[in-house]
Amino acid sequence: MFTILHGDDEFGLSEKLADLRSSLAGDDQAMAELNTSFLDGKRTTLGELRHTCDSMPFMAAQRVVIVRGLLSYLVPGRKGRGQKAPQDKGSAAKQALLKDLAAYLPLLPPSTHLIFFEDQALNDSHPIIKVAQTQGQERAVIKLCTLPKQEALTGWTER
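Remember, predicted model here, so these are calculated numbers, not experimental data. (Residues numbered from 1 in each chain as written. Predicted model: local features only at pLDDT ≥ 70, side-chain atom pairs only at ≥ 80, totals over all residues. Heavy atoms only, no water.)

Undergrad: An account of the layout of surface pockets is needed here, citing residue identities and associated values.
TA: If you add up the space inside the second largest pocket, you get close to 180 Å³. In terms of lining residues, the second largest pocket is bounded by 15 residues, among which Leu24, Ala25, Met31, Ala32 and Gln62 are the most central. Of all the elements in the fold, those that place two or more residues in the lining of the second largest pocket are α1 (10-25) and α2 (29-34). Top element by residues in the lining of the second largest pocket is α2. It accounts for 4 residues. Residues belonging to the lining of the second largest pocket are distributed by class as follows: 8 nonpolar, 4 polar and 3 charged. (1 Å grid on protein atoms, 1.4 Å probe; cavity = no way out; pocket = protein on both sides within 12 Å on 5 of 7 lines; lining within 4 Å. Points joined across faces, edges and corners; volume = space filled by probe spheres on them. Helix = DSSP H or I, 4+ residues; strand = E, 2+ residues; numbered from the N terminus. Nonpolar A, V, L, I, M, F, W, Y, C, P; charged D, E, K, R; others polar.)

Written out as structure tokens, the structure reads:
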């Protein structure tokens with residue numbers, strides 16, 4: 001299973017991540033910590049991600065892998081409204097990694113819960129969002145956390 005936590009509400013994202021980790025840990029917090037891996041999305045390779053996800057959990061039912069910033073890193077940046085940013089040297093490599101990641105996610109072992117943690121909102125056209133939508137709620141979850149608009153800020157603060 002994999003979860004995509006994304007949006008511009010850093011506090012809300014952190015809360016959802018903490019709640020998710022707590023629910024996955026159950027009663028044995030020490031074993032959960034032992035079976036949790038953190039990866040930096042800007043530095044990780046598909047091989048490293050697959051190796052971490054494919055590893056069996058140690059004396060626990062589940063392994064949790066948290067990858068920060070990978071999905072937003074793999075999407076080409078935009079310079080302005082409708083204008084694409086110039087292609088960087090790693091653009092072809094990023095596109096290849098994105099394609100390979102999309103192919104790997106349906107094969108994710110049932111003993112692994114992969115969490116993509118993104119500090120910006122992803123478009124519905126993002127290839128990994130599309131993969132998640134085709135997998136269904138039992139295999140993939142998408143959670144968007146956005147800051148409230150100016151007019152809704154008062155009610156949000158009171159809640």
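Undergrad: So what's going on with the packing of aromatic side chains? Which residues, and what values?
TA: The tally for this structure, following the rule as stated, stands at 1 aromatic pair. Consider the rings of Phe2 and Phe116, whose centres lie 6.3 Å apart with planes at 80°: the pair is edge-to-face. You can see Phe2 sitting in strand β1 (residues 2-6) and its partner Phe116 sitting in strand β6 (residues 112-118), a full 114 residues away along the chain. Like Phe2, the residue Phe116 is buried in the burial classification. Here the basic side chain of Lys94 rests over the ring of Tyr73, its NZ or CZ set 4.2 Å away from the ring centre. (Phe/Tyr/Trp six-rings, centres within 6.5 Å; stacked < 30°, edge-to-face > 60°. Buried < 20%, exposed > 50% of the residue type's maximum accessible area, 1.4 Å probe, protein only. Lys NZ or Arg CZ within 6 Å of the ring centre and 35° of its normal.)

Undergrad: Give a detailed account of the sheet that holds β6, specifying residues and quantitative values.
TA: Ordered in space as β2-β3-β6-β1-β7, the 5 strands form an open sheet in which the pairing is parallel. Looking at which strands have only one partner, the edges of the open sheet turn out to be β2 (36-40) and β7 (140-144). Strand after strand, the sheet turns through a mean of 15° between neighbouring axes, direction not considered. Bridge count for β2 against strand β3 (residues 63-68) is 5 bridges, and the pairing is parallel. The partner of Phe38 across the bridge, within β3, is Ile66. Relative to the sheet, helix α3 (residues 46-54) contacts β2, β3 and β6, its axis offset from that of β3 by approximately 155°. The strands touched by helix α6 (residues 127-135) are β1, β6 and β7; relative to β1, the strand with the most contacts, the crossing angle is about 130°. (Pairing = 2+ DSSP bridges. Axes fitted to C-alpha atoms, helices over the stretch in contact; angles between N-to-C directions. Contact = heavy atoms within 4.5 Å.)

Undergrad: I'd like to hear about helix α5 (residues 91-104), residue by residue, with values.
TA: Counted at 1.5 Å a residue, the expected span for α5 with its 14 residues is 20 Å, and the 20 Å between its end C-alpha atoms agrees. Looking at α5, one finds that the buried residues are Ser91, Lys94, Leu97, Leu98, Leu101, Ala102 and Tyr104. The buried residues of α5 all sit within an arc of 160° when viewed along its axis, so they share a single face. The exposed residues of α5 that point more than 90 degrees off its buried face are Ala92, Ala93, Lys99 and Ala103. Buried residues along α5 sit against α3, α4 (70-74), β6 and α6. (Expected span 1.5 Å × (residues − 1). Arc of directions from axis to C-beta.)

By themselves, these observations are geometric and do not establish any function.
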